[in-house]
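What follows is the residue order along each chain.
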Amino acid sequence: MAKANEVVAPRLGLPALPVVDWIDGDEEPPSGMHWKTASVARWAAERPFVWLDDEITDADRRWIAAHHPHPALLRRVDPYVGLTDIDLPAVRQWLDHRE
């Protein structure tokens, strides 16, 4: 969460970025869906968004497509490798096509 601005952002040369507040609920997400998915969509509200995470699945992509009316890029990052030279250019390409 906010620790990413202290640990990850400086290593990538990024400024401090907004942090998503996770929904604290007892309800389990649908099978195969990440527990963060609904919170990310709620945080994005009426905006396109990019989400990079090591636990994104097709269930998350389907849920976002059905519940978020704006474009979204959900990109899974290998948890053993982290962000690679392929990930950020892919995000940039997606963003460039949004303009």
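What you are looking at is a predicted structure, and each value in this text was computed from that prediction instead of being measured.

**Considerations on the overall build of the chain**
So, step 1. When helices and strands are tallied, the chain shows four helices and two strands.
So, step 2. The secondary structure elements of the chain, listed N-terminal to C-terminal, are α-α-β-α-β-α.
So, step 3. Scaling as 2.2 N^0.38, a compact globule of 99 residues should have a C-alpha radius of gyration of about 13 Å, and the chain matches this with 14 Å.
So, step 4. With the principal axes as the frame, the chain shows a C-alpha extent of 35 × 30 × 25 Å.
So, step 5. Classification of the 99 residues of the chain by burial places 24% in the buried group.
So, step 6. Considering only contacts within the chain whose residues lie at least 6 apart along the sequence, 32% involve residues at least 24 apart.
So, step 7. For the chain, the exposed area adds up to about 7200 Å²; of that, 54% sits on carbon and sulfur atoms.

**Quick look at the packing of helix α2 (residues 37–44) against helix α3 (residues 58–67)**
So, step 1. As a packed pair, α2 and α3 sit with axes 10 Å apart at the nearest point and diverge in direction by 35°. The handedness of the crossing between α2 and α3 comes out as right-handed. Contacts between α2 and α3 involve Thr37, Ala38 and Ala41 from the first element and Asp60, Trp63 and Ile64 from the second.
So, step 2. Here the contact of α2 with α3 is composed, by residue class, of four nonpolar, one polar and one charged.

Criteria and cut-off values
- Per chain, residue numbering runs from 1 following the sequence as it is written.
- For a predicted model such as this one, the threshold for reporting local features is a pLDDT of at least 70, and the threshold for listing and counting side-chain atom pairs is 80 or more; totals across whole chains, interfaces and linings nevertheless cover every residue.
- Water and hydrogen atoms were dropped before computing side-chain values, which therefore reflect all heavy atoms in the structure.
- Counting from the N terminus, the helices are DSSP H or I runs at least four residues long and the strands are E runs at least two residues long.
- It is over C-alpha atoms that the radius of gyration is taken, and the globule rule equals 2.2 Å times the number of residues to the power 0.38.
- Throughout, exposure labels follow a simple rule: accessible area from a 1.4 Å probe, protein chains only, divided by the maximum for the residue type, with under 20% read as buried, over 50% as exposed, and the rest as partly exposed.
- By definition, residues are in contact when any of their heavy atoms lie within 4.5 Å.
- Under the convention used here, a 1.4 Å probe and the Shrake-Rupley method define accessible areas, while residue burial counts only the protein chains that appear.
- Note on definitions: angles span 0 to 180 degrees between N-to-C directions of axes, and those axes are lines fitted to C-alpha atoms, for helices only across the stretch in contact.
- Left-handed describes a crossing whose near helix is turned anticlockwise from the far helix by less than a right angle; the clockwise case is right-handed.
- Charged means Asp, Glu, Lys or Arg here, nonpolar means Ala, Val, Leu, Ile, Met, Phe, Trp, Tyr, Cys or Pro, and polar covers whatever is left, Gly included.

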